[in-house]
Amino acid sequence: MKTSGVLHAAPPRLTVGDARAIARSRFGIDGDASELVSERDQNFLVRGEAGAWVLKVSNAAEERAVVEMEVAAVEHIAGRDPDLPLPRARPALDGEAVAAVEAGGSRHFVRLIPYLPGRNRRPWELDARAMRQIGDVTGRVAHALRGFFHPGAGRRIEWDQKHLLDLAPHAALVRDTERRALLERVLERFADRVAPALPALRAQVIHNDVTLDNLLLDDDGAVTGIIDFGDMAHTAAILDVPATLQSLVRDREDIFDAAAAFLPGYTSVVPPEAEEADLLADLLAGRMAQTILISAWRTRDFPDIDYITGWAEPAWALLGQLERVGFDRAGQRLTVLARAPLARPRQPGSDEELIGRRRRVLGTALEPLSYRRPLHLVRGSGAWLYDADGRAYLDAYNNVPVVGHAHPRVADAIARQASLLNTNTRYLHAAVVELAERITASMPDSSGLGTVMFVNSGSEANDLAWRLATTATGATGGIVTEWAYHGMTAAIADLSPSEWPRGRRPDRVETIPPPDTYRGTADSAEEVRQATEAAIERLAARGVRPAVLLVDSLFTSDGIFSPPAEVVGAMLEAARAAGALYVADEVQAGHGRGGEGLWSFTAWGVTPDVVTLGKPMGNGHPIAAVVTRADLADRLAADTTFFSTFGGNPVACVAALTVLDVLEDEGLVANAAVVGDGLRAGLRELARRRPVIGDVRGRGLMTGVELVDSETNAPATGLAAAVRDEMRERGVLIGTTRREKNVLKIRPPLCIGPDEAQMIVTTLDEVLAG
């Protein structure tokens, strides 16, 4: 393979007089010349009666074959996609597209191309529409170059990322030890993850530098010119993406906003293969490392070229962002964006029309859409959601995608299993057995919780738990907290006071106050014991015995509370003395949300008779479970068998197994503890300045922020809804909870990071400031 020496050689040193003479003598163009910026070549603008042209003078170390390749590539692209705005070379007077000249003491190859309209734009000048178009243009260039080859493409150039590790010795030029250590970590990841994979990726000749420096745009952000084909290489096709993306995310606080706009445009033309999409974060980091290393080396050798010296700092900033987010987490988000389907352009009035159609066919009983201005979401990635216009929203509300929206491992596992088999538990398959074993192994030692029954939703799980309890005890009553929600089946809606029609209380159900650690209601062991015993007595007065004490382990609908162990223990002791079973509802609280192991009830040191799981179990794929003792399952089996057609199906079980794997592999339970503590610390600091925040409470990544009247301490009901809606307008999604709806409910996916948690605090501060 031939090695290009252009990065080792000094740029040409022609004068404007030389340029004017060459344009006139070799191309027949007469006019005034002025120098343009360039890295290793030299460019001149020549204006005259024949119009405006650019004379490109190649580096003396550049071979003729490479220059001819650039000209041939432009012609090839023009033939495949004639609508692309390309600088097609004007032939020299001798008929050749490339002319050789002696100037400045060296031999150079020169060519003349039209001066295209438009100007270079900076990243902050571009909206989502413009970045999507750049993605489309980058993809079209790559697609048009398929099938193109030229002998010049065999050259080796350091801007081809497959040669990144050869640049590693230049890391010694970075004097800052912390920065050098970061660079070395990036190179180590590249060596481990990218270098072995690159040879197996799709390869072709690519532009390799469709950056904002090499794109011209008009005032509306439309691309009017694609220039400078000097970094072309025959290499992995996906390397066009980090080359362009790094220029779009420069000087941006959130790289994923730009990626969410650019990637759908590119992938609508060139859909990436799974292996390519999975490497995007490391390839983006590799491009930053490449930029830093080449800049350090070239600045040392050619310190007077201003164009080079401005590269490094933005690259360091982007590497810092990627490391703060986490390279693995960034990779997941970019992978999802790269593999997501392109959203259809929003038509005027389309949301209003869709809302009307929704209302007509889904009926009035369905709960209204969230927020004053409903969201039309089209895709998600990690802790982020994206609407039909490409706007990103930090999801601090949805607990179902516990490991992050559209997690690629979960999505791939579902797709693989769905392509093989999906049936029911009347047939033998390993996934349901393995999942049950994994779940029972996660329960407390000596708990006896060794039997798992699979269903499809948390409502079904709680309904089955109710059947187990009533069968085992022979009783028909239930005890729940005052504003609990446990599901939507007829039996469980009766056990969900937040769902009761106004003025209706089922005779077989009694409520107890939640342990309100802020207002001091039922927050001591004695108070809770007395409240539970009083509820049992009220049931007895109606001839009802309690079969179950059903408790959400984080009291989510009651306002989010995390009481001491002795308080919960007193509640259980009183209920069990009356013959009731304790059912720990982990549908919202489980799968690591509490930050102390997988199940939130374990923080109290208690042993449930039944545990119900749901929502997060399949990261959005329907699956739920009841975990209980064998003796309770046997009592039900004595009367009837249990079967759910889709409960425990292979696809659902594979999804749930993958969720457990991701929770462990990515350390998400520990992340919930650390980030959750940091979030509440930030919110409590905010409360010192915003007296409308009465209390901040919770555990792990379940947080409640109680808003109050700063003078009376009364619940600020209307304010919480207004804050929720304004947070949505500013790009952060939260909910409300408690009977009075005055508690902000913050329960993001467990993959959320510290920067995103700080964004919640900062946005809430801005909203409360008015």
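See the structure shown above.
Residues numbered from 1 in each chain as written. Predicted model: local features only at pLDDT ≥ 70, side-chain atom pairs only at ≥ 80, totals over all residues. Heavy atoms only, no water.

Inspection of the secondary structure assignment puts Asp494 in helix α16 (residues 490–494). Here the side chain of Asp494 touches Arg508 through a polar contact of 3.1 Å, side chain to side chain. When sequence neighbours within four positions are dropped, the list of residues in contact with Asp494 reads Trp500, Arg504, Pro506, Arg508 and Val509. (Helix = DSSP H or I, 4+ residues; strand = E, 2+ residues; numbered from the N terminus. Polar contact = N/O pair within 3.5 Å; in protein donor to acceptor, adjacent residues only side chain to side chain. Contact = heavy atoms within 4.5 Å.)

We now examine the nonpolar core. One broad trend across soluble globular proteins is that nonpolar side chains are buried collectively. Judged by nonpolar contacts, the single largest core of 174 residues is most densely connected at Leu435 and Phe454. At 11 residues, helix α8 (residues 280–301) tops the list of elements feeding residues into this core. Residue contacts for Leu435: discarding those within four places in its chain leaves Phe454, Met617, Ile623, Cys653, Ala656, Leu657 and Leu660. Of all hydrophobic cores here, the second largest spans 26 residues; its members include Val455, Ala461, Trp500 and Val583. (Core = buried A, V, L, I, M, F, W, Y, C linked by side-chain atoms within 4.5 Å. Buried < 20%, exposed > 50% of the residue type's maximum accessible area, 1.4 Å probe, protein only.)

Let's shift gears to the pairing of strand β21 (residues 702–707). In regular strands, side chains alternate between the two faces of the sheet. The element β21 is extensively covered by neighbouring structure, given that six of its six residues are classed as buried. When strand β20 (residues 693–699) meets β21, the two strands line up antiparallel, connected through six bridges. If you follow Arg697 over to β21, its bridge partner there is Gly704. Linking two consecutive strands that pair antiparallel, namely β20 and β21, is a turn of two residues; a positive phi of about 60 degrees is found at Gly700 within it. Across four bridges, β21 lies against strand β24 (residues 743–746) in antiparallel orientation. Following the sheet pairing, Val705 is matched in β24 by Leu744. (Pairing = 2+ DSSP bridges.)

One way to put it is that helix α4 (residues 177–194) packs onto helix α10 (residues 312–325) with a least axis distance of 11 Å and a crossing angle of 65 degrees. As the angle between them shows, α4 and α10 are arranged roughly perpendicular. Between α4 and α10 lies a crossing whose hand is left-handed. The segment α4 lies against α10, with Arg179, Arg180, Leu182, Leu183, Arg185 and Val186 engaging Glu313, Trp316, Leu319, Gly320 and Glu323. Of the residues belonging to the contact of α4 with α10, the class tally is five nonpolar, one polar and five charged. (Axes fitted to C-alpha atoms, helices over the stretch in contact; angles between N-to-C directions. Parallel < 35°, antiparallel > 145°, perpendicular 65-115°, else oblique. Left-handed = near helix turned anticlockwise from the far one by under 90°. Nonpolar A, V, L, I, M, F, W, Y, C, P; charged D, E, K, R; others polar.)

The next point concerns the sheet that holds strand β1 (residues 32–36). The strand order across the open sheet formed by five strands is β1-β2-β3-β5-β4, and the pairing between neighbours is antiparallel. Every other strand in the sheet has two partners, leaving β1 and β4 (99–103) as the edge strands with one partner each. Mean inter-strand twist for the sheet, computed between neighbouring axes without regard to direction, equals 35 degrees. Where β1 meets strand β2 (residues 42–48), five bridges bridge the pair, whose relative direction is antiparallel. Directly across from Asp32, in β2, lies its bridge partner Arg47. Packing of helix α1 (residues 16–27) onto the sheet brings it into contact with β1, β2, β3 (51–57), β4 and β5 (106–114), and relative to β1 it is tilted by some 120 degrees. In this fold helix α2 (residues 64–80) packs onto β4 and β5, with an angle of close to 5 degrees to the strand it touches most, β5.

Next up on the list: the pattern of salt bridges. Within this structure, the stated rule accounts for 57 salt bridges. Where Arg202 meets Glu276, a salt bridge forms, and the shortest distance between an N and an O atom there is 2.7 Å. Taken as a pair, Arg202 in the loop between α4 and β6 (203–206) and Glu276 in helix α7 (residues 274–278) lie far apart in primary sequence, 74 residues in all. Residue Glu276 is classed as buried on the basis of its relative accessible area, which comes to 1%. (Salt bridge = Lys/Arg side-chain N within 4 Å of Asp/Glu carboxyl O.)

Counting buried residues in strand β17 (residues 581–585) gives five out of five residues, a clear majority hidden from the surface. Burial along β17 is two-sided: Leu581, Val583 and Asp585 facing one way and Tyr582 and Ala584 facing the other are all buried. With helix α18 (residues 565–577) bridging strand β16 (residues 546–552) and its parallel neighbour β17, the resulting β-α-β unit is right-handed. By the bridge criterion, three bridges tie β17 to strand β18 (residues 610–613) in an arrangement that is parallel. Within β18, the residue paired with Ala584 across the bridge is Val611. (Right-handed = clockwise from strand over helix to strand, strands pointing away.)

This part covers helix α17 (residues 525–541). Between its first and last C-alpha, α17 extends 24 Å over 17 residues, near the 24 Å set by a 1.5 Å rise per residue. When α17 is considered as a whole, its buried residues turn out to be Val528, Ala531, Thr532, Ala535, Ile536 and Leu539. Along the axis of α17, the buried positions cluster into a sector of 135 degrees, meaning they face one direction only. In α17, the exposed positions that point more than 90 degrees away from the buried face belong to Glu537, Ala540 and Ala541. Taken together, the buried residues of α17 touch β14 (477–481), β15 (509–512), β16 and α18. Where α17 terminates, the next one or two residues include Gly543, which has phi positive at roughly 75 degrees. (Expected span 1.5 Å × (residues − 1). Arc of directions from axis to C-beta.)

That's the geometry; what it means functionally is another story.
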